[in-house]
Amino acid sequence: MTEDQSIPVGMILGTEDSSPLDWWVAVAEEHYLQMDDVVLVRTDVPGRGELAISGVVDMVRARHEASRYESDVFLAQEGVLPLQVARSAHVVTTRLEPELWVPPRPGDCVARVRGVERDQALHFDSMEQRLVAGLSRDEQPIFVDLSFVDGRRGAHVNISGISGVATKTTYATFLLYALFHSGVLGTRAANTKALVFNVKGEDLLFLDQPNARLEDKDRARYASLGLPHEPFQSVGIWAPVKRDTVEAIPDTGSRQEGVKGYFWTVRDFVKEGMLRFLFTEAGDERSQVADIVSRVESALQREAQDVEGSPASVSVLDENLNRTHVKSFKELCALIERRLESSDSGLVAYSSRGTVSAFLRRLDGARAQVGHLIRGTEASDPADHRIDWQRNQVSVIDIHNLHDRAKRFVVGVVVKRLFEEKEASGSAEPLIFIVLDELNKYAPRDGWSPMKEVLLDISERGRSMGIILIGAQQTASEVERRIVSNAAIRIVGRLDPAEALRPEYGFLSETARRRAALLKPGTMLLQQPQLPMPLELLFPFPAWATRSSEAPRGGGRTAFARKGS
Amino acid sequence: MTVLRIDPWEPEFGASVEAEDDPDRPPPPLEFDEPLAWAPITCMPPATVPCCAFIDGVRRVDTRLFAEEADVVAPALAGSWAVGVAWSSRPPVVDTVKVRRVIVLGRGLDHGTITASIGGHRIEYRVVASDARTPKQVLDKLQDAMRTDEAALAQAVADTGRAEVIVQDGPLDYHGGKPTVGLVKRQTQRYLDTERQRLLAMLEVGQRTPLFRFERGRIPRYSWYARIAPRRRIDGSIAGLVRLESHQEAGLEETRRLADTISGMLPSFAAPMWRDARAPQNLYPVGQLETVLRNRLGERDVVRRAVEAALWRMLDD
């Protein structure tokens, strides 16, 4: 018997109702069915011929048939009471061919299917371009339809799960790897780019290094997925610059080599309207502060003029409306303060004294946390340290060491600029993927922030603009509803049982919710538009290093070996 | 003074003591071969339950019929029965189930086989002509046919040599293979004289009476009573008792050993009172076997409708 053969495993049973949507299988003594097995039953429809109904097992059970008392099992064990064990499986229909909505009949033979029949059952055969998304428990590949990822029919991927167990980031990286290395993008692959924000640890700073802990069985898994086992081929790694250094040294722990420090210039800050991204704290939008922010931002933008020989700074008007050269971010903040304290500057307008004070307090706070990322005349070679995602196929932007406010600033500025560039280009090609974990920080369910606005724009218009968001969060219930609901592909790793009951996970069946509470690292449930139910999938151990100890020239950090993140 | 005591069986199953015709019918002459006083014999439960084959059958009247030919109207019925084996193996299993269906005709009338259809299946009633004159006699023919199948099954099981003991439901009215015992749940005939009968009330669980030998239907056999479940003080004196039989051919010594084994073993197969309408005499494996067999007979209403449809068809043809 080869792996590609279909095996008859049982019959449609007659003690439970069969319907066109779901049915029960009595499993034959010498066979078994497990959850997620793909099965097929052929039934004869009078006058219409044969109907093939395929489905996926979503529950299996075993019981003593017609046993009335719980204690019967002990009697059976002692040889006293003969009882029949009945094993059965519940199947959710995934496909009817031809589309005749009639149930299978009791007694119809059910087979576990492989190969072409399995592909048909899971609609893989109708996917023009299929992206491999993982392996089923029986080591068969699971695909998603690329047209639901790249914006043609749908876009965006959303991943939920408990931190540390759900392996959200690792899976998002695997999905990117599959996109770039499976050949599914064809000639488009060369121009397609990905922007990955590294929000926790330094997991993503080694994407370009092979994983020294990869074993043969992992390599075999890559082979069954039709993927090479190698690190990402073209990776640019960006980390925030260290504070108080003239040189733009990247502020990373375990890796310095090949990492580019990033910062923005005062000129960038003023001319590109970045001020608003300093005001992204929850509650900022409720006060009148937002009003002042936009007034200050647009005034500076309007007034700014380049200064000869100083590409990193600009001149703007001071409180006396005299043009003055602003050489550093510190000077810029001081200038803003002076102008707001002077009633002649035209910036205060109708804002109250209290609102102005609130604005200044926050500006001051932001300066302490974000200021080192905005350099003035002291900056050397600013063009080289400006994040450029066109340079490499995958650009990793490290923000994990930054204060929350600075994280939001970086993500907001980068994503906004990307959005504006794509908008200006007017073409969906080439595609760009944004991988961002902790969406709940950037687009929380409640309140408004410029950050959330940009992400919402991407989730609603990104599909036509070729910007695809691979977003992740611990709890989808804390993320802006529209961002989650716009994702065509939804994935969950281990979920908190209470979280799994929330309506955001309505796509999970009752059994899937229960399973979500038990998923191990490396196992996810994937929901895609063609299938009425989520599929469980496993993905291989990363072929790229996820910590310095896994990299060939890695340092001494050996803890947490072979554990996902 | 008259004392009232309980018969533990559920009333709809009849009484656990029920004389067929005449309650005072004289017992057959008995021989007492065991060189023992008439006193309880304690039988130790075996360390491990031996591999027993419990053989039983269930029968059912699917529908009662009249067979009419010219001026003769004879009682008849369409009936089904099933026989099978419950093994006390590990795990215990039920197997070798056979289902038969017959039309029994009285007064010597005859008829061809009747085929009824249920769904895509056909069930056949072969015809048994008999001289039965009353509905009860027709029913007895059905019972006899089932008993014949039970005996054949017991013989077949004995031939396999797999069973250490074969326990058959009811008396052993055939010459059979060893080591078979017949288990009589319902006491329909008194065998012992008044003095010996007193011992029955004194039997404790796991105890048996000495053997007694007699002949019925020209089949000589040994028999004994054994208590398989405790008796409450309010229960009748023979509640929890069974009568067992084995073929005389096995010889006295072999039968004594068998009687000890069986009587020691049966209490572990006796169902508690709440569990079965005929507890404790209806043993666990037998009760479960009957459930399986009844299920194999099919839904009575469905079968009955199928027979009616077959009769309609024959009328139309």
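Rules behind the numbers
- Residues numbered from 1 in each chain as written.
- Chains lettered and ligands numbered in written order.
- Predicted model: local features only at pLDDT ≥ 70, side-chain atom pairs only at ≥ 80, totals over all residues.
- Heavy atoms only, no water.
- Domains from an automatic or database assignment.
- Helix = DSSP H or I, 4+ residues; strand = E, 2+ residues; numbered from the N terminus.
- Contact = heavy atoms within 4.5 Å.
- Salt bridge = Lys/Arg side-chain N within 4 Å of Asp/Glu carboxyl O.
- Axes fitted to C-alpha atoms, helices over the stretch in contact; angles between N-to-C directions.
- Left-handed = near helix turned anticlockwise from the far one by under 90°.
- Buried area = accessible area lost by both parts, 1.4 Å probe.
- Polar contact = N/O pair within 3.5 Å; in protein donor to acceptor, adjacent residues only side chain to side chain.
- pLDDT = per-residue confidence, 0-100.
- Buried < 20%, exposed > 50% of the residue type's maximum accessible area, 1.4 Å probe, protein only.
- Pairing = 2+ DSSP bridges.
- Core = buried A, V, L, I, M, F, W, Y, C linked by side-chain atoms within 4.5 Å.
- Parallel < 35°, antiparallel > 145°, perpendicular 65-115°, else oblique.
- Nonpolar A, V, L, I, M, F, W, Y, C, P; charged D, E, K, R; others polar.

### Re the domain arrangement of chain A
- Per the domain assignment, the segments making up chain A are domain 1 (7-126), domain 2 (130-262 + 386-550) and domain 3 (264-375).
- Taking only C-alpha atoms, the centre of domain 1 of chain A and the centre of domain 3 of chain A are 68 Å apart.

### Brief notes about the environment of Val259 of chain A
All names here are of chain A.
- Tracing the backbone shows Val259 in strand S12 (residues 259-262).
- Sequence separation of Val259 and Trp238 is 21 residues, and the distance between their C-alpha atoms is 5.7 Å.
- What Val259 contacts, discounting residues up to four positions off in sequence, is Ile237, Trp238, Ala239, Pro250 and Thr252.

### So, the pattern of salt bridges
- Evaluated as defined, the whole model comprises 65 salt bridges over all chains.
- In this structure, the salt-bridge partner of Asp384 of chain A is Lys260 of chain A, at a minimum N-O distance of 2.6 Å. One end of the pair, Asp384 of chain A, is in the loop between strand S17 (374-375) and strand S18 (394-398); the other, Lys260 of chain A, is in strand S12, and 124 residues separate them in sequence.
- A single salt-bridge network, built from bridges that share partners, covers Glu34, Arg208, Glu253, Arg256 and Asp260 of chain B.

### Examining the packing of helix H9 (residues 404-425) of chain A against helix H11 (residues 450-465) of chain A
Residues and elements named next belong to chain A.
- Where H9 meets H11, the axes come as close as 10 Å, and the angle between the chain directions of the two elements is 30°. In the crossing of H9 with H11, the sense of the turn from one axis to the other is left-handed. Facing Arg408, Val411, Gly412, Val415, Lys416, Phe419, Lys422 and Glu423 of H9, the residues of H11 in contact are Met451, Val454, Asp457, Ile458, Arg461 and Met465.

### Some words on the interface of chain B and chain A
- At the interface, 16 residues of chain B touch 12 residues of chain A.
- On the chain B side of the contact with chain A, Pro92, Arg275 and Gln288 of chain B bury the most area, a combined 49% of that side's loss.
- Between the two partners, chain B and chain A, sit 0 salt bridges.
- If you look at where chain B meets chain A, you find 1 residue pair in polar contact (both at pLDDT 80 or more).
- Among the elements of the structure, strand S3 (72-87), strand S4 (93-105) and helix H4 (284-297) of chain B are those that each provide at least two residues to the side of chain B that touches chain A.
- If you tally residues by element for the side of chain B that touches chain A, the top one is H4 of chain B, at 3 residues.

### A closer look at the confidence of the model for chain A
- Confidence in the prediction for chain A averages 88 pLDDT; 95% of positions are at 70 or higher.
- Taken together, the stretch residues 554-565 of chain A has pLDDT below 50 and engages in 27 contacts with residues farther than four places along the chain or on a different chain.

### Let's talk about the pairing of strand S7 (residues 130-135) of chain A
Residue and element names in this part refer to chain A.
- Counted residue by residue, S7 has 5 buried out of 6 residues, so it is predominantly covered.
- Bridge count between S7 and strand S8 (residues 141-145): 5 bridges; the pairing is antiparallel. Opposite Val132, over in S8, you have Phe143 as the bridge partner.
- Connecting S7 to the next strand, S8, in antiparallel fashion are 5 residues, including Glu139 with a positive phi near 65°.

### Section: the nonpolar core
Residues and elements named next belong to chain A.
- Membership of the largest hydrophobic core comes to 88 residues, with the highest contact counts inside it found for Phe197, Phe359 and Phe409.
- Broken down by element, this core gets its largest block of residues, 9 residues, from H9.
- There are two domains that each give this core at least three residues, and those are domain 2 (130-262 + 386-550) and domain 3 (264-375).
- Excluding its chain neighbours within four sequence positions, the residues that come into contact with Phe197 are Leu204, Ile397, Ile399, Val411, Val414, Val415, Ile434, Val435 and Leu436.
- Counting residues in hydrophobic clusters, the runner-up holds 73 residues, among them Leu122, Ile159, Tyr171 and Phe541.

### A short note on the environment of Arg87 of chain A
All names here are of chain A.
- The topology assignment puts Arg87 in strand S5 (residues 85-97).
- The partly exposed category is assigned to Arg87, whose relative accessible area is 27%.
- For the pair Arg87 and Gln209, spaced 122 residues apart in the sequence, the C-alpha separation amounts to 48 Å.
- Residue contacts for Arg87: discarding those within four places in its chain leaves Val25, Ala26, Val27, Ala28, Glu29, His31, Tyr32, Arg61 and Ala62.
- Only 2.7 Å separates the side chain of Arg87 from the backbone oxygen of Ala28, close enough to count as a polar contact.
- Reaching out from Arg87, the side chain makes a polar contact with the backbone oxygen of His31 at a distance of 2.7 Å.

### Comments concerning the pairing of strand S16 (residues 323-326) of chain A
Residue and element names in this part refer to chain A.
- For strand S15 (residues 310-317) and S16, the ladder comprises 4 bridges, and the chain directions are antiparallel. Looking at S16, one finds that Leu317 is bridged to Arg323.
- The antiparallel pairing of S15 with S16 creates a hairpin that spans 5 residues between the two strands, and Leu321 there sits at a positive phi of about 65°.

### A short note on the packing of helix H6 (residues 289-303) of chain A against helix H7 (residues 329-341) of chain A
All names here are of chain A.
- Look at H6 against H7: their axes get within 12 Å of each other, and the N-to-C directions meet at 115°. Relative to H7, the element H6 is oriented roughly perpendicular. Here the hand of the crossing between H6 and H7 comes out right-handed. Between H6 and H7, the residues in contact are Ile292, Val296, Leu300 and Glu303 and Leu332, Leu335, Ile336, Arg339 and Leu340, respectively.
- Residues of the contact of H6 with H7, tallied by class, amount to 7 nonpolar, no polar and 2 charged.

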